[in-house]
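Descriptive analysis of the structure
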Amino acid sequence: MTKKDYSVLAALVALALFIWLRDTSWMSSAEDTLPILIALPVFYWLGKPWKFITQEQPLELPGWRLGLVAVLFLIGIVVESTLLLSIGWTLLLWTWLELRIKPEDRRNLSKLLVLPMMSFPWVTLDMQQLGWYFRLSGAWTTAKIYTLLGYDVKYGGTTILIDQLPISVEAACAGLNTLQSMLIAGSVVAYIVLGETKRYWPNIALLVVMAWVANTSRILVLSAVALAFGREFALGAFHTWGGWFILVVMFILCWLLFELQVPKPMTNPKARE
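The text that follows walks through the structure, step by step, so that each part is easy to find. For clarity, every value in this text was computed on a predicted model and none was experimentally measured. (Residues numbered from 1 in each chain as written. Predicted model: local features only at pLDDT ≥ 70, side-chain atom pairs only at ≥ 80, totals over all residues. Heavy atoms only, no water.)

With that settled, consider helix α1 (residues 3-22). Look at α1: 28 Å from first C-alpha to last across 20 residues, which is about the 28 Å you get at 1.5 Å a residue. What α1 keeps buried is the set D5, V8, L12, A16, I19 and W20. In an axial view of α1, the angular spread of the buried residues amounts to 100°, which keeps them on one side of the axis. In α1, those exposed residues whose orientation departs by more than 90 degrees from the buried face are K3, Y6 and L21. Contacts made by the buried residues of α1 are with α2 (30-33), α4 (63-78) and α5 (82-100). (Helix = DSSP H or I, 4+ residues; strand = E, 2+ residues; numbered from the N terminus. Expected span 1.5 Å × (residues − 1). Buried < 20%, exposed > 50% of the residue type's maximum accessible area, 1.4 Å probe, protein only. Arc of directions from axis to C-beta. Contact = heavy atoms within 4.5 Å.)

In structure tokens form, the structure reads like this:
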């Protein structure tokens with residue numbers, strides 16, 4: 001590696017610290033947010049073996065790429081978008097790696113770029129509106145399902161009354177604090193199972209849908225527990241551990257769904273003769 005390589009790495013570290021420390025409101029849920037940092041070491045692990053171009057070649061980063069990174073950072077700062085800053089940081093990382101990684105490894109490595117992009121707290125900081133829609137749609141779906149089951153249901157916004165039992169889908173029930181960690185875990189599984197196929201990217205998008213299903217299932221189950229064992233029990237330890245259990249179940253279902261999409265190997269007709 002040349003001095004310019006080390007300069008790029010230093011710039012990446014400095015920019016990463018800037019993104020994390022620019023808005024520290026994520027610290028209120030640090031125990032749920034900090035685990036997303038695992039995305040970077042996982043990116044390194046899945047990207048092995050790292051085959052760098054050995055010969056000393058001058059590092060010349062494309063000017064238009066650097067300009068785009070600068071624009072993304074400028075807009076991200078102005079509109080206070082951690083997502084745009086994360087995209088800009090990931091683009092800078094990939095611009096450098098494209099020049100230093102052997103061509104035969106770039107295609108698979110490009111599929112892993114979702115991991116460094118998810119190593120910044122943009123879901124917690126930028127996606128509060130998404131959390132509202134998760135809550136609103138989850139409450140609506142829960143109300144409709146319990147109505148179909150014959151319960152007396154009254155519904156308004158994020159509040160449901162089921163047989164006179166009030167169920168309030170609070171902000172914590174949106175699952176934003178754990179959503180990004182689950183997206184990282186799902187992306188890793190998608191890469192391991194489908195990384196060599198064209199079905200990888202559609203399933204990355206599917207993870208958002210699965211996250212909504214997991215959140216709505218959590219509301220349904222917690223409501224059922226509250227009806228069966230009382231509101232106090234549902235809001236106690238079960239609220240935390242039961243919610244995590246549902247997320248683990250959904251994670252396993254995602255894995256099985258990915259496995260079902262693995263292309264079957266072509267059988268050799270001559271082998272059956």
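Applying the stated criterion across every chain yields a total of 1 salt bridge. One salt bridge connects E98 with R65, and the closest N-O pair in it is separated by 2.8 Å. With a gap of 33 residues between them, E98 in helix α5 and R65 in helix α4 connect regions that are remote in the sequence. Note on R65: relative accessible area 13%, which makes it buried. (Salt bridge = Lys/Arg side-chain N within 4 Å of Asp/Glu carboxyl O.)

The next point concerns the sheet that holds strand β1 (residues 153-156). Pairing in this open sheet of 3 strands is antiparallel, and the strands run β1-β2-β3 from one edge to the other. Taken across any chain shown, the strands that pair with only one partner, and hence form the sheet edges, are β1 and β3 (165-168). This sheet shows a mean twist of 15° between the axes of neighbouring strands, independent of strand direction. Sheet analysis places β1 next to strand β2 (residues 159-162), joined by 4 bridges and oriented antiparallel. Looking across to β2, one finds that G156 is bridged to T159. Taken strand by strand, helix α9 (residues 128-148) contacts β1 and β2, and its axis lies near 165° from that of β1. Where helix α11 (residues 200-229) meets the sheet, it contacts β2 and β3, and its direction lies at approximately 155° from that of β3. (Pairing = 2+ DSSP bridges. Axes fitted to C-alpha atoms, helices over the stretch in contact; angles between N-to-C directions.)

Turning our attention to the packing of aromatic side chains. Under the criterion given, the structure shown has 8 aromatic pairs. Arranged with centres 5.0 Å apart and planes meeting at 90°, the rings of W20 and W26 form a pair that is edge-to-face. When its relative accessible area of 8% is taken as the criterion, W20 is described as buried. Where Y44 meets W50, the ring centres are 5.9 Å apart and the plane angle is 10°; that geometry is what we call stacked. (Phe/Tyr/Trp six-rings, centres within 6.5 Å; stacked < 30°, edge-to-face > 60°.)

Spatial relationships are all this shows, so hold off on functional conclusions.
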